[in-house]
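Residues per chain, in single letters:
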Amino acid sequence: MGDTSPSAEGTNIEGESPQVEPTIETDEATITDDAELERTIGLTGGLAIGIGTMIGAGIFVFPGLAAGNAGPAAAASFAIGAVVALLVALPASELATAMPKSGGGYYFISRGLGTLAGAVVGLSLWFGLVFATAFYLVGFGFYAVDTLAELGIAVGNELVIPIAVLFGAGFTVLNVTGTENAAKLQNGIVALLLSILVVFLGYGGLDAAGIVGEPSAPEQFAPFGTLPILTTAALVFTSYLGFAQVATVAGEMKDPGRNLPLAMVGSVLIVGVLYVVTIFVSTSALGSDRLAELGETAMVEVGRHYLGAAGAFAIVFGGLLATMSSANASVLSTSRSIYAVSRDALLPQRASRINLRYGTPHVALGMAGGPILVLTATGQVELLAEVASFLHLIMYGLICVALIALRRNEPEWYDPDFRVPGYPIVPALGALASFALIGFMQPASQLIGLAIMLVTAGWYFYYARDVTLKGKL
Amino acid sequence: MTRILVPLAILEGESVSAGLTTLLEPMYVTVLGYHVLPEQTPPDQARLQFEAQATAALEDLAAEFGADDGTADYRLVFTHNKKQTFDRIAAEMRSDAYAIPGATGPVDQLLVALTGDVAVDRIVSFVTELVGDRDIGVTLFLATDDEHAGRELLEAAAVTLFDEGLHVRTELAVDEPPLETLVDAAADHDAIVMGERAPSLRSLIFGEETERVAAESVGPVLVVRNTADRDDTADAADQPSPSDVVDDS
């Protein structure tokens with residue numbers, strides 16, 4: 001990472017070349033020729049990013065849909081998702097400690113596997129995050145309508161989409177004009193959510209185990225067989241899309257060698273356990289048929305079942321906070337991923353301009369916000385979630401492949417502080433599991449995902465085929 | 001040579017007055033140009049766009065402080081948290097003091113506050129070096145509840161400075177609100193020297209005392225760092241300097 005590293009080269013169709021400077025990474029700052037970049041995010045901040053992005057969708061939107069598809073075995077679907085996420089989080093941690101720079105998965109893949117793979121992943125990730133954000137926003141819309149209902153204002157589900165679109169626009173504007181205390185707020189929201197869930201799960205767990213409350217008739221664990229467990233796992237994988245976002249702020253994290261792996265693996269473990277227990281408790285409370293009827297906001301009824309009106313209110317409130325925090329975190333990640341590819345000349349460099357008045361990347365935020373609003377307006381919860389998962393899973397699989405490629409032929413600069421235990425089995429399994437999960441999605445989602453990848457590959461050949469990034473730091 | 005850090009919000013046009021440049025002539029000055037970014041902007045993204053602009057401004061400022069004679073340099077940092085940046089750079093450079101720039105003309109009268117639990121010896125030796133053989137009057141100021149001990153402390157410090165050939169006056173405020181009296185006393189002075197104190201509950205609520213003095217007195221405030229405990233932590237962390245880590249890549 002010193003002055004001897006090769007620099008990325010080649011130019012895109014507009015004659016721009018990748019803007020990569022030799023840097024020195026210390027635990028406290030990143031030092032370039034003439035400037036220093038302070039590392040300001042600690043372990044708690046990293047965990048909050050990971051948990052804050054993940055916790056929204058999974059726990060509050062999916063229980064109803066998942067239980068309808070797979071019965072009580074939906075808990076197993078969530079567990080499969082957690083295992084896949086963990087298999088990817090470990091290799092991603094190693095790569096992030098070897099390359100603690102902004103950009104995350106895109107950065108590892110473009111450096112490990114070359115520009116084409118990098119361009120496809122980088123640009124697909126932009127769309128992946130856009131789909132994910134739209135999904136979170138629709139979830140938010142459902143919870144907003146339920147909140148109004150709890151307050152005695154019945155407005156009906158036709159307002160879900162307008163509310164979601166309105167708030168999507170609101171988040172974009174908020175991010176352009178500056179959210180000075182967003183990170184502190186995010187930490188607070190995550191802490192609050194965790195406490196709501198732990199109280200709820202603690203009580204529900206005791207009840208489900210038959211210690212308190214009335215006994216309920218046990219249900220068959222997997223009424224629809226094994227296949228729905230796997231297709232449901234593919235659907236709910238969107239719930240785990242947050243952990244790799246931690247790597248996108250690697251350049252801003254203090255002591256990345258220690259904090260990055262801990263934040264990534266830690267947030268997957270915490271969230272995974274919470275999800276599995278939540279589904280278990282929910283299906284024990286109401287039974288999967290009833291959950292399926294209730295749909296996106298089934299959790300509210302589960303809360304009411306255990307703790308009455310207070311429980312319902314706590315879950316509605318938690319759902320609002322959680323979907324909001326996920327949506328906001330994803331809008332931010334989207335603008336960061338646009339920055340990462342435009343720095344490498346795969347998009348016009350003006351896409352990452354900052355306005356001096358607010359200090360925010362307004363162009364990139366606009367490129368995130370516009371498509372998000374269009375997709376939110378479709379209101380297709382399952383499709384949005386699956387396409388988001390599809391595009392992320394491609395990246396996750398390729399992260400594992402990039403790790404194997406780098407390890408087989410270790411460049412001089414490759415010196416991670418954290419090494420994957422169980423190499424090469426863990427990354428190989430991570431890659432296989434990621435790609436396999438895609439196979440269990442609805443054909444429509446697979447087609448849309450593939451089409452997006454083809455378009456991004458086409459863009460690369462048209463716009464930036466001369467840019468070389470492989471092995472360049 | 002004593003090292004002093006002069007942090008400036010460089011892209012917001014913050015600059016130093018000619019009076020401060022002259023005052024700091026006997027010191028080794030590091031101009032710390034910083035730019036605070038909102039959380040949604042990666043620092044590197046801002047660096048790409050603003051580095052050249054900021055560096056040009058910093059080079060000029062460092063030249064004013066004597067970069068050509070080797071008594072000044074500059075650093076440029078993009079950050080989300082300016083306090084963390086100041087602390088890191090100060091510890092890394094082992095700087096003895098930092099300046100909160102303010103507006104002032106030529107400095108003829110210096111107010112030196114010894115109030116509170118500060119390292120009086122360090123402040124006195126800092127002032128000795130700062131004033132040197134220049135014709136700058138020094139007022140030692142102390143606000144205390146214990147008149148007797150306060151007077152003794154002031155006298156002892158005044159004698160040390162007097163022996164170095166400085167023009168010294170003393171001013172003792174007994175049982176009066178320390179901060180307000182200090183700001184009142186600052187009215188007839190061109191700059192203030194004060195010691196950094198350990199963060200207290202008060203400083204957490206009302207902001208750091210040094211910042212509040214700087215805000216109310218308009219002129220520059222030079223803060224002598226409380227390095228006794230700071231450098232221990234810096235040693236414990238043992239930050240490698242940039243030049244040490246280049247070759248391990």
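With an unreviewed UniProt entry as reference, chain B is termed Universal stress protein, source organism Natronorubrum aibiense.

Under the annotation held in an unreviewed UniProt entry, chain A carries the name Amino acid permease and is attributed to Natronorubrum aibiense. Among the UniProt annotations of chain A, the heading Subcellular location (unreviewed entry) holds the following wording: "Cell membrane".

Asks: What am I meant to see in the overall build of chain A here?
Replies: Scanning chain A from terminus to terminus reveals 15 helices and three strands. Taking 473 residues into account, the globule formula puts the C-alpha radius of gyration at 23 Å, and chain A, at 22 Å, falls close to it. Dimensions of chain A along its principal axes, counting C-alpha atoms only, are 70 × 50 × 40 Å. When burial is assessed residue by residue, chain A has 61% of its 473 residues classed as buried. When contacts within chain A are restricted to residue pairs at least 6 apart in sequence, long-range pairs at least 24 apart make up 80% of them. Summing over all exposed atoms, chain A offers an accessible surface of approximately 16400 Å²; the carbon and sulfur share of this is 65%. Between the mean site of the 19 positive side-chain charges and the mean site of the 34 negative ones, chain A shows a separation of 6 Å.

Asks: Can you walk me through the overall build of chain B in this structure?
Replies: In terms of regular secondary structure, chain B is built from 10 helices and nine strands. Long-range contacts, defined as pairs at least 24 residues apart, comprise 80% of the intrachain contacts of chain B with a sequence gap of at least 6. Carbon together with sulfur atoms contributes 50% to the accessible area of chain B, which is approximately 11200 Å² in total.

Asks: Can you walk me through the interface of chain A and chain B in this structure?
Replies: Note: interface size is frequently given as the accessible area lost on complex formation between the parts. With 44 residues of chain A in contact, the opposing surface of chain B contributes 34 residues. Across the chain A/chain B interface, buried area totals approximately 3500 Å², and carbon plus sulfur atoms make up 52% of it. Where chain A packs against chain B, one counts four salt bridges. The closest approach of N and O atoms between A:E38 and B:R88, which form a salt bridge, is 2.7 Å. Those elements that provide at least two residues to the side of chain A that touches chain B are strand 2 (29-31), strand 3 (36-38), helix 5 (160-177), helix 6 (182-208) and helix 11 (298-343) of chain A. The leading source of residues in the side of chain A that touches chain B is helix 11 of chain A, at five residues. Across the side of chain A that touches chain B, the residue classes tally to 16 nonpolar, 15 polar and 13 charged. Pairing analysis gives two bridges linking strand 3 of chain A to strand 3 (residues 72-79) of chain B, with the strands arranged parallel. Looking at the pairing, A:E36 lines up with B:V77 of strand 3 of chain B.

Asks: What's the story with the confidence of the model for chain A in this structure? I'm lost.
Replies: Should the pLDDT be low somewhere, the predicted coordinates at that spot are not to be read in detail. Here chain A averages 87 in pLDDT, and 95% of its residues register 70 or above. Every residue in residues 1-6 of chain A is under pLDDT 50, and counting partners more than four places away or in other chains gives 16 contacts.

Asks: Would you explain the packing of helix 4 (residues 115-150) of chain A against helix 13 (residues 381-408) of chain A in this entry?
Replies: Axis angle and axis distance: for two packed helices, these are the angle between their axes and the distance between the axes, and together they describe the pair. All names here are of chain A. For the pair helix 4 and helix 13, interaxial distance at closest approach is 8 Å and the crossing angle is 145°. Classified by chirality, the crossing of helix 13 by helix 4 is left-handed. Touching V121, S124, L125, F127, G128, L129, F131, A132, A134, F135, V138 and F142 of helix 4 are V381, L384, A385, V387, A388, L391, H392, M395 and L398, all from helix 13.

Asks: For this particular structure, what's the right way to read the domain arrangement of chain B?
Replies: Residue and element names in this part refer to chain B. As far as domains go, chain B holds domain 1 (3-95) and domain 2 (109-224). Relative to domain 2, the C-alpha centre of domain 1 lies at a distance of 26 Å. On the domain 2 side, the residues contacting the nine residues of domain 1 number 10 residues. Each partner contributes to the roughly 800 Å² buried at the junction of domain 1 and domain 2, and carbon and sulfur atoms together form 71% of this total. Per-residue buried area on domain 1 facing domain 2 is highest for L23, P26 and M27; these three make up 59% of the total on that side. Across the domain 1-domain 2 interface, the total number found is zero salt bridges. At the boundary of domain 1 and domain 2, one finds two residue pairs in polar contact (both at pLDDT 80 or more). Top element by residues in the side of domain 1 that touches domain 2 is helix 1 (residues 18-23). It accounts for three residues.

Asks: I'm lost on helix 2 (residues 74-98) of chain A in this one. Help?
Replies: Because each turn of an α-helix spans 3.6 residues, side chains separated by three or four positions end up pointing in the same direction. The end-to-end C-alpha separation of helix 2 of chain A is 36 Å, in line with the 36 Å expected for 25 residues at 1.5 Å each. Among the 25 residues that make up helix 2 of chain A, 20 are buried, leaving the element largely enclosed by the rest of the structure.

Asks: What is the right way to look at the packing of aromatic side chains in this model?
Replies: By convention here, two paired aromatic rings are described through the distance between centres and the angle between planes. Residue and element names in this part refer to chain A. Inspection of the entire model under this criterion finds 20 aromatic pairs over all chains. Taking 6.1 Å as the distance between ring centres and 80° as the angle between the ring planes, the aromatic pair formed by Y203 and Y306 counts as edge-to-face. Remark: Y306 occurs in helix 11 and Y203 occurs in helix 6; sequence separation between them is 103 residues. On the accessibility criterion, Y306 (8% relative accessible area) is buried. Ring pairs connect the aromatic residues F78, F237, Y240, F243, Y275 and Y396, which therefore count as one cluster. Directly above the ring of Y107 sits R111, whose terminal nitrogen or CZ lies 4.3 Å from the centroid. A cation over a ring is seen here: R407 above Y423, with NZ or CZ 4.3 Å from the ring centre.

Asks: What's the story with the pairing of strand 4 (residues 97-100) of chain B in this structure? I'm lost.
Replies: Note on strand geometry: in a regular strand, side chains alternate between the two faces of the sheet. Residue and element names in this part refer to chain B. Residues A97 and A99 of strand 4 are buried on one face, and the alternating residues Y98 and I100, pointing to the opposite face, are buried as well. The pairing of strand 1 (residues 3-9) with strand 4 spans two bridges and is classified as parallel. In the strand pairing of strand 4, I4 is matched with A97. Pairing between strand 4 and strand 9 (residues 221-224): four bridges, direction antiparallel. Within strand 9, the residue paired with A99 across the bridge is L222.

Asks: What is the right way to read the pairing of strand 9 of chain B from this model?
Replies: All names here are of chain B. Side chains V221 and V223 of strand 9 all project onto a buried face; the interleaved residues L222 and V224 project onto the opposite face, where all are buried too. Across four bridges, strand 8 (residues 191-195) lies against strand 9 in parallel orientation. Each residue of the ladder has a partner; that of M194, found in strand 9, is V223.

Asks: Can you walk me through the pattern of salt bridges in this structure?
Replies: For the structure shown, the criterion picks out 21 salt bridges over all chains. The salt bridge involving A:E25 is made with A:R39; its shortest N-O contact spans 2.6 Å. Here A:R39 lies in the loop between strand 3 and helix 1 (43-70) and A:E25 lies in strand 1 (residues 24-25), a separation of 14 residues in the sequence. Overall, A:R39 belongs to the buried group, its relative accessible area being 0%. A salt bridge links B:R151 to B:E147, with the shortest nitrogen-to-oxygen separation between them at 3.1 Å. Of this pair, B:R151 and B:E147 both sit in helix 5 (residues 147-163), separated by four residues, roughly a single helical turn. By relative accessible area, B:E147 is classed as partly exposed at 39%.

Basis of the calculations
Residues numbered from 1 in each chain as written. Chains lettered and ligands numbered in written order. Predicted model: local features only at pLDDT ≥ 70, side-chain atom pairs only at ≥ 80, totals over all residues. Heavy atoms only, no water. UniProt positions renumbered as here; feature names shortened; annotations may be inferred. Helix = DSSP H or I, 4+ residues; strand = E, 2+ residues; numbered from the N terminus. Rg over C-alpha atoms; globule rule 2.2 N^0.38 Å. Buried < 20%, exposed > 50% of the residue type's maximum accessible area, 1.4 Å probe, protein only. Contact = heavy atoms within 4.5 Å. Areas by Shrake-Rupley, 256 points an atom, 1.4 Å probe, with all protein chains shown as cover. Lys, Arg positive; Asp, Glu negative; His and termini not counted. Charge placed at Lys NZ, Arg CZ, Asp CG, Glu CD. Buried area = accessible area lost by both parts, 1.4 Å probe. Salt bridge = Lys/Arg side-chain N within 4 Å of Asp/Glu carboxyl O. Nonpolar A, V, L, I, M, F, W, Y, C, P; charged D, E, K, R; others polar. Pairing = 2+ DSSP bridges. pLDDT = per-residue confidence, 0-100. Axes fitted to C-alpha atoms, helices over the stretch in contact; angles between N-to-C directions. Left-handed = near helix turned anticlockwise from the far one by under 90°. Domains from an automatic or database assignment. Polar contact = N/O pair within 3.5 Å; in protein donor to acceptor, adjacent residues only side chain to side chain. Expected span 1.5 Å × (residues − 1). Phe/Tyr/Trp six-rings, centres within 6.5 Å; stacked < 30°, edge-to-face > 60°. Lys NZ or Arg CZ within 6 Å of the ring centre and 35° of its normal.

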